[in-house]
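An overview of the molecular structure
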Amino acid sequence: MKKRLLVVGAVLAAFGFGFWLATLRSSGAGNAAPKRPAGEMLASNVVAVVNGHELTRAEMFQRGENLLRDAQRTEHLVFAPEKRPEALAHYAKQALRTWIAKEVMLYGAISAGVKPTIKDEQDAFGEIKRVLAARKMTPEEFFREGPLDEAVKKRDFFDAVMVSRFVKDHVRSKIAVTEKDIDARVAELKDLNVKTTKPGQKPRFHTDRNSVRALLLAERETIEMRRTFRELFPKAGVKCPFLPAFETAEGVEPPMKANK
């Protein structure tokens, strides 16, 4: 998740500023990705199309290279030189899945007429600046470095702001947790602590109301995100002849995590 946040500059998250506001993709301005008319055959160098936006084979592998380098830098990934093509193919596939998921959510944002504010963009820029500071890197360096073109990275960044605003307005806004919900979960977790905690051990589950509220909100956001994603997916015109499994929501979405 952290890798995806860094690469697209937001969240998915889930699912990332003022000076790029003029490149709003829905207006057709700026660095918008090529859009293919519905029903037209895909070119041989195109691996996926979502809502008419194309991902070329070259860009897929550039995105995979970015993820591979990030794994080497932050996760200390090590492999034999002869295994590099295999590693790159793995991360290219991961990059393809991430791109499709992002484009599906972006389709939702565009369809809903989402228009991020300058503050949305500034807040997102501040967050990526904070994350990059831990790596001794500035946002400017991040956008310039690596195999992926700077204009593509900036477009990804703005796309993520769009998606984040969409999630806030059309996903998170539907989620609610009542005091009764919290009471029930607190009781459940306390019972689990009694059953699973051995003498001398700290309880496994936090049972303070703030922690339980956050847990319930996170669980329900995950469920609502999945519901929204599955609703949007068939409408977004996803085509992926390179990997047909990714032409289904089930093939792209991450697996559900256990609630506990």
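Here is a short report on the structure shown in this document. This one's a predicted model, so the numbers in the text were calculated from it and none came from an experiment. (Residues numbered from 1 in each chain as written. Predicted model: local features only at pLDDT ≥ 70, side-chain atom pairs only at ≥ 80, totals over all residues. Heavy atoms only, no water.)

1. Re the overall build of the protein
Broken down by element type, the protein carries nine helices and two strands. Listed N to C, the secondary structure of the protein is α-β-β-α-α-α-α-α-α-α-α in terms of helices and strands. A burial count over the protein gives 42% of its 260 residues as buried. Per element, the accessible surface of the protein, about 14,100 Å² overall, is 57% carbon and sulfur. (Helix = DSSP H or I, 4+ residues; strand = E, 2+ residues; numbered from the N terminus. Buried < 20%, exposed > 50% of the residue type's maximum accessible area, 1.4 Å probe, protein only. Areas by Shrake-Rupley, 256 points an atom, 1.4 Å probe, with all protein chains shown as cover.)

2. Focus: the side chain of Arg 165
Within the secondary structure, Arg 165 sits in helix α6 (residues 150–170). Using a relative accessible area of 18% as the deciding quantity, one classes Arg 165 as buried.

3. Looking at helix α8 (residues 209–232)
Structurally, the α-helix is built with 3.6 residues per turn, so residues lying three or four positions apart point the same way. Spanning 24 residues, α8 covers 34 Å between terminal C-alpha atoms, matching the ideal 34 Å at 1.5 Å per step. Taken together, the buried positions of α8 are occupied by Val 212, Leu 216, Glu 219, Glu 224, Met 225, Arg 226, Thr 228, Phe 229 and Leu 232. (Expected span 1.5 Å × (residues − 1).)

4. Points about helix α3 (residues 84–111)
In this model α3 runs 40 Å from its N-terminal to its C-terminal C-alpha over 28 residues, within 8% of the 40 Å that 1.5 Å per residue would give. In the segment just after α3, Gly 113 is the residue with positive phi, at about 70 degrees.

5. Focus on the pattern of salt bridges
A side chain with one charge can pair with a side chain of the opposite charge if their charged atoms come near. This structure, assessed with the given rule, holds 28 salt bridges. Ionic pairing is found between Arg 172 and Glu 221, a salt bridge with its closest N-O pair at 3.0 Å. Linking Arg 172 in the loop between α6 and α7 (179–196) with Glu 221 in helix α8, this pair joins segments that are 49 residues apart in sequence. Exposure remark for Arg 172: the relative accessible area of 40% places this residue in the partly exposed category. When the shortest N-O distance is used, the salt bridge between Glu 219 and Arg 185 registers 2.9 Å. (Salt bridge = Lys/Arg side-chain N within 4 Å of Asp/Glu carboxyl O.)

6. With respect to the pairing of strand β1 (residues 46–50)
In terms of burial, β1 is largely enclosed, as five of its five residues are buried. Where β1 and strand β2 (residues 53–56) come together, four bridges link them in antiparallel fashion. When the bridges of β2 are listed, Val 49 appears paired with Glu 54. The turn joining β1 and β2, which pair antiparallel and follow one another in sequence, is formed by two residues; a positive phi near 55 degrees is taken by Asn 51. (Pairing = 2+ DSSP bridges.)

7. Observations concerning the packing of aromatic side chains
A full pass over the atoms with the stated rule returns four aromatic pairs. Pairwise contacts between aromatic rings join Phe 125, Phe 142, Phe 143 and Phe 157 into one cluster. Between Lys 153 and the ring centre of Phe 142, over which it is positioned, the NZ or CZ distance is 4.5 Å. (Phe/Tyr/Trp six-rings, centres within 6.5 Å; stacked < 30°, edge-to-face > 60°. Lys NZ or Arg CZ within 6 Å of the ring centre and 35° of its normal.)

8. Quick notes on the nonpolar core
Counting residues in each nonpolar core, the largest one holds 32 residues, and the members touching the most others are Leu 96, Ile 100, Val 104, Met 105, Phe 229 and Phe 233. Contributions of two or more residues to this core are made by β1, α3, α6, α8 and α9 (249–252). Of the residues forming this core, the biggest block, ten residues, is contributed by α3. In this structure, Leu 96 is in contact with Val 47, Ala 48, Leu 55, Met 60, Cys 240, Phe 242, Leu 243 and Phe 246, ignoring residues within four places of it in sequence. (Core = buried A, V, L, I, M, F, W, Y, C linked by side-chain atoms within 4.5 Å. Contact = heavy atoms within 4.5 Å.)

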